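# A closer look at the structure
Next come the chains, spelled out residue by residue.
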Amino acid sequence: MLKIEVARDIGFCFGVKRAVEIVENLLLSGENVYVTGDLIHNENEMFRLRSIGLKSFDVFDEWPDISESTVVIRAHGVPLDILRELRKRAKKVVNATCRVVSAVGDLIKKEKAEGFEIFLYGREGHAEVEYLKSVVGDLKVVNQKHPNVAFSSEKIALFSQTTMGVDGFKEISKKFLDMGKNFSSFHVYNTICAVTLEREKEVKELARSNDLCLVVGGKKSSNTKKLYEIAKSLNENTYMILNVSEIDEKWFESIESVGICSGTSTPMRIIDEIKKRLSEFKN
Ligand code: SF4
């Protein structure tokens, strides 16, 4: 029989759970609810929320009339100028930005006010990065694909997007240190969310101790991609899937054990469906 090992920390994180509950409660109370873009990065969950009434719009396109609607701000925030505009135009704005992301914004603001030049280890275009850029106008984004940095101050503060990988952050921090001989101050803030750090640790164990590893999450989910890349580097037999329909039985032909972990926007019901399907395999 196939041995199935499921990560201890799996399904929604507390930030995503809160955002989804806020939307569900507003819809249940009869509100007309909009979100800007995706509330969370999981196609299945967004489909479910849309099917119970959630609407969305792209802030860079023409806005619908939201004067009689409630707009929910997604878990990883929206740029502050858009938030101000939403507050002007909507009947009500409910901010579901995760407290971990808000805390990073506050810290960045404080360091900026103390004269530090702000760098963020992150991915351009991610919702959280766009929000944090809006907190301090001149935040510079660095990552392995864009590692070149030009410093215009001797006081440097380096932060991380909450869903980035810790090894990559250490690498970038070291690069800064190697270049930073003339810094008068160099502050490094590991602002990677504790939930994603814990999942990173767990996926390493799962990938090492099982024949095959399944990473479950949305195609646009940054932390799912990160977990997949970590697991794949340790176990070639690693697959990233959105849901049970993407499982290929051939993957399991000559294996005895499978480890399952998920990104933070993956609903538990998807994990349960995958477990049920795998338990039918006769390995
Ligand atoms: S991953 Fe962390 S920062 Fe992002 S919503 Fe979840 S708890 Fe908040």
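Our structure's up above, just so we're on the same page.
Anyway, here's the lowdown on the structure attached to this text.

What counts, and at which threshold
For every chain, the first residue of its written sequence is number 1, and the numbers climb from 1 along that sequence. Confidence filtering applies because this is a predicted model: local features only for residues at pLDDT of at least 70, side-chain atom pairs given and counted only at 80 or more, and all residues used for totals across whole chains, interfaces and linings. When DSSP finds two or more bridges between two strands, those strands count as paired. Per the convention used, a helix needs a DSSP run of H or I reaching at least four residues, while a strand needs a run of E reaching at least two, with both numbered from the N terminus. Axis geometry follows a simple rule: fit a line to the C-alpha atoms, using only the stretch in contact for helices, then measure angles between N-to-C directions, giving values from 0 to 180 degrees. Note on contacts: each residue gets a C-beta atom placed from the backbone, and two residues are in contact if those atoms are within 7 Å. Partly exposed residues are those falling between the two cut-offs: more than 12 but fewer than 20 other C-beta atoms within 10 Å of their own, whereas 20 or more means buried and 12 or fewer means exposed, with C-beta atoms placed from the backbone.

A separate point is the sheet that holds strand β2 (residues 33-36). Spatially, four strands are ordered β3-β2-β4-β5 in an open sheet, and the strand pairing comes out parallel. One side of each edge strand has no neighbouring strand; the edge strands of this open sheet are β3 (55-57) and β5 (92-95). Averaged over neighbouring strand pairs, the angle between their axes works out to 30 degrees when direction is ignored. Across three bridges, the pairing between β2 and β3 is parallel. Paired with Val-35 across the bridge in β3 is Ser-56. Along the sheet, helix α1 (residues 14-28) contacts β2, β4 (70-73) and β5; its crossing angle with β4, the most-contacted strand, is approximately 170 degrees.

Now for the environment of Thr-224. One can find Thr-224 in helix α8 (residues 222-234). Look at Thr-224 and you get buried, because 27 C-beta atoms sit within 10 Å. Each C-alpha atom, one on Thr-224 and one on Cys-261, is 9.1 Å from the other, the two residues being 37 residues apart in sequence. Setting aside chain neighbours within four positions, we find Thr-224 in contact with Val-215, Gly-217, Gly-218, Met-240 and Gly-263.

It is worth spelling out the sheet that holds strand β9 (residues 185-188) at this point. Sheet strands pair via backbone hydrogen bonds, and the direction of the pair is either parallel or antiparallel. Across the sheet, four strands lie side by side as β7-β6-β8-β9; this open sheet has parallel pairing. Only two strands of the sheet have a single partner each, and these edge strands are β7 (140-142) and β9. Neighbour to neighbour, the strand axes of the sheet diverge by 25 degrees on average, direction disregarded. Where strand β6 (residues 117-121) lies against strand β8 (residues 155-160), five bridges are found, and the strand directions are parallel.

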